Amino acid sequence: MRFDNSRESSNVEDRRGGGGGGLPVGGRSIGLGTIVLALVAMYFGVDPSVVLNQTAVAPSRVEQGRPAAAPANDAESRFVRHVLAETEDTWQAIFRQNGQRYVEPTLVLFTGATRTACGVGQAAMGPFYCPADQKVYIDLAFYQELKNRFNAPGDFAQAYVIAHEVGHHVQNLLGISEKVQAARQRAGERQANELSVRLELQADCLAGVWAKNADAARGILEAGDVEEALRAASAIGDDTLQKQAQGYAVPDSFTHGSAEQRMRWFKRGMDAGQLAACNTFQGRGGL
């Protein structure tokens, strides 16, 4: 990625250093490297209000956060600030073109576990968005998992992670997330899972829309960047993760989409660069 024409966002809150590497769960401490693939499968847009409160974390090991603290000036933090700024500038322009106002989210960097308006957020769950406080949460150790465990290295693969979560913020602002959550509560398990898949695929598509528009405006993409994002999308498809965990995939249990679906919808958003291209809820064509 190129950031020659990119500013750094001021909407980053740095809570790193307060949690430690292990998370006490059920009386024992486990590290991120030993988290089972089933937990990792929750990553990329898990509904925190449903999941976060289900895992007990000792209060002494949960970060309280450092309100209004400026992020450290390390390379990882600067990268995050650049990417978040790119999403801000891009979505501000898109919302403005549609006669709407874009409210910028805050991105929280944390270590291990941290408190959110949706409950206790944990590194084991990967990056996530909490609609209740309009914040994206990331433990940067996840980027090592993305590279080493999922074989999806690269700076644009990391940017895709942020762009996907910001896509959930866009859905929240547009009222899509609320409608889907209400529909899921009325539906059976299979239908609820399908709605979750459609929501996740739309966030992938929105990440593609961001990439297309940001590159057109400021030339952020370099050779191989799109391939990095597609490789990351494939690596965290439900079928890929289930096959790694149990040797086979169960499509009815998918909540995020298959590898092929995730790559296809990111590419659709990237090719079109328009919100209208991301209607994953129309018919069965989205699945």
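Refer to the preceding data block for the structure.
Rules used in this analysis
- Residues numbered from 1 in each chain as written.
- Predicted model: local features only at pLDDT ≥ 70, side-chain atom pairs only at ≥ 80, totals over all residues.
- Heavy atoms only, no water.
- Helix = DSSP H or I, 4+ residues; strand = E, 2+ residues; numbered from the N terminus.
- Buried < 20%, exposed > 50% of the residue type's maximum accessible area, 1.4 Å probe, protein only.
- Salt bridge = Lys/Arg side-chain N within 4 Å of Asp/Glu carboxyl O.
- Arc of directions from axis to C-beta.
- Contact = heavy atoms within 4.5 Å.
- Expected span 1.5 Å × (residues − 1).
- Axes fitted to C-alpha atoms, helices over the stretch in contact; angles between N-to-C directions.
- Parallel < 35°, antiparallel > 145°, perpendicular 65-115°, else oblique.
- Left-handed = near helix turned anticlockwise from the far one by under 90°.
- Nonpolar A, V, L, I, M, F, W, Y, C, P; charged D, E, K, R; others polar.
- Pairing = 2+ DSSP bridges.
- Disulfide = S-S within 2.5 Å.

Caption draft 1: Summary view of the side chain of His168. Its place among the elements puts His168 in helix 5 (residues 155-173). Taking the relative accessible area as the measure of exposure, His168 reaches 4% and is therefore buried.

Caption draft 2: Molecular detail of the pattern of salt bridges. In total, this model carries 13 salt bridges according to the counting rule given. Residue Glu88 is joined to Arg7 by a salt bridge in which the shortest nitrogen-to-oxygen separation is 2.8 Å. You can see Glu88 sitting in helix 3 (residues 75-97) and its partner Arg7 sitting in the segment before strand 1 (12-14), a full 81 residues away along the chain. Residue class for Glu88 comes out buried when judged on its relative accessible area of 1%.

Caption draft 3: Here's a closer look at helix 6 (residues 176-186). The complete set of buried residues in helix 6 reads Ser177, Val180 and Ala183. All buried residues of helix 6 project into a common sector of 130° when viewed along the axis, lining one side. With respect to the buried face of helix 6, the exposed residues turned more than 90 degrees away are Glu178, Lys179, Gln185 and Arg186. Considering only its buried residues, helix 6 is in contact with helix 5 and helix 7 (189-218).

Caption draft 4: Local environment of helix 5. For helix 5, built from 19 residues, the straight-helix expectation of 27 Å at 1.5 Å per residue is met to within 8% by its first-to-last C-alpha distance of 27 Å. Of all 19 residues making up helix 5, 16 are buried, and the element is well covered by its neighbours. Within two residues after helix 5, Gly175 carries a phi angle of roughly 85°, on the positive side.

Caption draft 5: Local environment of the packing of helix 4 (residues 141-148) against helix 5. Interhelical geometry of helix 4 versus helix 5 gives an angle of 125° and a closest axis separation of 10 Å. By the angle between their directions, the pair helix 4 and helix 5 is classed as oblique. The hand of the helix 4/helix 5 crossing is right-handed. On helix 5, the residues touching Phe142, Tyr143 and Leu146 of helix 4 are Ala157, Gln158, Val161 and Ile162. By residue class, the composition of the contact of helix 4 with helix 5 is six nonpolar, one polar and no charged.

Caption draft 6: Broad picture of the pairing of strand 5 (residues 113-116). The pairing of strand 5 with strand 6 (residues 119-122) spans four bridges and is antiparallel. Residue Ala113 lies in a different strand from strand 6, and its bridge partner there is Gln122.

Caption draft 7: Representation of the state of the cysteines in the model. As enumerated under the stated definition, the model contains two disulfides in all. Here Cys205 engages in a disulfide with Cys278; their sulfurs sit 2.0 Å apart. One quick way to see it: the torsion about the S-S bond of Cys205 and Cys278 is about -75°, and its sign makes the bridge left-handed. Here Cys205, found in helix 7, pairs with Cys278, found in the segment after helix 10 (259-272); they are 73 residues apart in sequence, far enough to count as distant.

Purely spatial values, then, with no claim about function.
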